[in-house]
Amino acid sequence: MRLDKYICQSTTLTRSQAKKAITQGRISSSENTIRSTAYKVSENEQISFDGKVINVRGIRYIMLNKPADFICSTVDEQLPSILNLLDVEKREQLFIAGRLDADTTGLTLITDDGQWSHKVTSPRNKCSKCYRVGLNAPVGEDAVALFREGIQLKNEAKPCLPAELQIISETEVLLTISEGKYHQVKRMFAAVGNHVVELHREKIGSIELDSSLDLGEWRYLTDAEAQSIA
Ligand code: URA
C-alpha cells in the first residue's frame, strides 16, 4: 500500500494532510524517515508517525463532506454514488448512515459497522441531525414555537417530534431534528409555506463536520467521535 494511503487508513488525516506529514519528515520506518508519498509499505513493516507506531484500522468510520449531484445509494445510474469519492478497499462493504438528497450537501457518515449505522438512523435512538437551511422567503420568530411544538407534515398521521429552530438571518436558519423522515426538512418548511433553496448538514449527534474538509473530501472519525454514537 502507498504510504500516504496507509497513513489515511491508520489516522484521521486526510490524504493531503498525510502527504504534508510525509514531506515534513514526521513518518518513519525502523527509525528511518520516509519522505516519499509514493513509498510502498510492505506487509509487517512498522510505520511510525511522530515516533508512535500506527496500524491500519479494522472497522471503518468515515465522515464525508457530501457535494451536490452525488447520491447516497449505489443504484441510480444518472448520478454517481458518494462511495465513488472514497479511495478505500472493499467499498461494497460500506453502509451510508442516513441518506441525504442529491442536492443536499454536508456531513455524511459511512461505516462497515451495521449496528453503528443503525444507531445513527433508527428513529428509536433519536440521534439529532443539525442542518443549515437556506430559504426563499423570510422566516418569522413565530416559526421557532411552531417547530418546537411539532410540525404536521402532509400525508403523515402524526406531527413531527419537537425540532429546534435557530434563526441566523431572514432566510437562513439552523434546524435540529431527531427523526429522518423522507425529505423531512424540505417538507417541514413546505408545511409552513416556505421553500428550501439550500440544505447542508452540519452535525449528527455530537459529531460536527470537520471544517478542514472541502466538498467531496473525507476522513476517518476519531475514536471519541465514533464512540459518541451510543
Ligand atoms: N431533509 C431533507 O429534506 N433532505 C435531506 O437531504 C435531508 C433532510
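From a predicted model like this one, the values you see are computed outputs, not experimental measurements.

Engineer: Would you mind going over the packing of aromatic side chains in detail, with residue names and values included?
Structural biologist: Each aromatic ring pair is specified by the distance between its two centres and by the angle formed by the two planes. Within this structure, the stated rule accounts for 3 aromatic pairs. Their ring planes at 40 degrees and their centres at 5.0 Å tell us that phenylalanine 147 and phenylalanine 189 sit as a pair that is tilted. Of this pair, phenylalanine 147 sits in helix H4 (residues 142-149) while phenylalanine 189 is found in helix H5 (residues 184-191), placing the two residues 42 residues apart along the sequence. Exposure remark for phenylalanine 147: the relative accessible area of 0% places this residue in the buried category.

Engineer: Before we move on, could you go through the side chain of threonine 108 and cite the residues and values that matter?
Structural biologist: Inspection of the secondary structure puts threonine 108 in strand E7 (residues 105-111). A distance of 3.1 Å separates a polar atom in the side chain of threonine 108 from the backbone oxygen of glycine 106. Residue contacts for threonine 108: discarding those within four places in its chain leaves Ile62, Met63, Leu64, Lys66, Cys72, Ile82, Ile96, Gly98, Leu100 and Arg201.

Engineer: How would you sum up the nonpolar core? Please name residues and give values.
Structural biologist: Grouped together as the largest cluster of nonpolar side chains are 34 residues, with contacts concentrated most on Val133, Leu175 and Phe189. Listed by contribution, the elements that provide at least two residues to this core are strand E5 (61-66), strand E8 (129-135), H4, strand E10 (172-177), H5, strand E11 (196-204) and strand E13 (218-220). A domain-level breakdown of this core finds at least three residues from each of domain 2 (58-125 + 207-230) and domain 3 (128-204). Those residues within four positions of valine 133 in sequence are excluded, and the remaining contacts are Thr171, Glu172, Val173, Leu175, Val185, Phe189, Val196, Glu198 and Leu199. Grouped together as the second largest cluster of nonpolar side chains are 15 residues, Ala97, Leu107, Val120 and Ile229 included.

Engineer: If you had to explain the site of the ligand to someone new, which residues and values would you point to?
Structural biologist: All residues adjacent to the ligand are Leu100, Asp101, Thr104, Tyr131, His183, Gln184, Val185, Lys186 and Leu199. Its free accessible area being 240 Å², the ligand has 95% of it covered by the protein chains. The element contributing the most residues to the shell around the ligand is H5, with 3 residues. Of the residues belonging to the shell around the ligand, the class tally is 4 nonpolar, 3 polar and 2 charged. Three or more residues apiece are contributed to the shell around the ligand by two domains, here domain 2 (58-125 + 207-230) and domain 3 (128-204).

Engineer: So what about the pairing of E11? Which residues, and what values?
Structural biologist: Judged from the 2 bridges that link them, E7 and E11 form a sheet pairing that is parallel. Bridge pairing in E11 links threonine 105 to histidine 200. Direction of pairing for E8 relative to E11: antiparallel, over a ladder of 7 bridges. Within the sheet, the bridge partner assigned to cysteine 130 lies in E11 and is lysine 203. The pairing of E11 with strand E12 (residues 207-208) spans 2 bridges and is antiparallel. Looking across to E12, one finds that isoleucine 204 is bridged to isoleucine 207.

Engineer: Can you explain the domain arrangement of the chain? Please cite residues and give values.
Structural biologist: For the chain, the domain assignment lists domain 1 (3-54), domain 2 (58-125 + 207-230) and domain 3 (128-204). Distance from the C-alpha centre of domain 1 to the C-alpha centre of domain 2: 25 Å. In this complex, domain 1 contributes 8 residues to the contact, which on the side of domain 2 involves 10 residues. The largest contributions to the domain 1 side of the interface with domain 2 come from Gln9, Thr12 and Thr14, which together make up 57% of the buried area. Between the two partners, domain 1 and domain 2, sit 3 salt bridges. The partner of aspartate 87 in a salt bridge is lysine 5, with the nearest N and O atoms 3.8 Å apart.

About the thresholds
Residues numbered from 1 in each chain as written. Predicted model: local features only at pLDDT ≥ 70, side-chain atom pairs only at ≥ 80, totals over all residues. Heavy atoms only, no water. Phe/Tyr/Trp six-rings, centres within 6.5 Å; stacked < 30°, edge-to-face > 60°. Helix = DSSP H or I, 4+ residues; strand = E, 2+ residues; numbered from the N terminus. Buried < 20%, exposed > 50% of the residue type's maximum accessible area, 1.4 Å probe, protein only. Polar contact = N/O pair within 3.5 Å; in protein donor to acceptor, adjacent residues only side chain to side chain. Contact = heavy atoms within 4.5 Å. Core = buried A, V, L, I, M, F, W, Y, C linked by side-chain atoms within 4.5 Å. Domains from an automatic or database assignment. Near = heavy atom within 4 Å. Areas by Shrake-Rupley, 256 points an atom, 1.4 Å probe, with all protein chains shown as cover. Nonpolar A, V, L, I, M, F, W, Y, C, P; charged D, E, K, R; others polar. Pairing = 2+ DSSP bridges. Buried area = accessible area lost by both parts, 1.4 Å probe. Salt bridge = Lys/Arg side-chain N within 4 Å of Asp/Glu carboxyl O.

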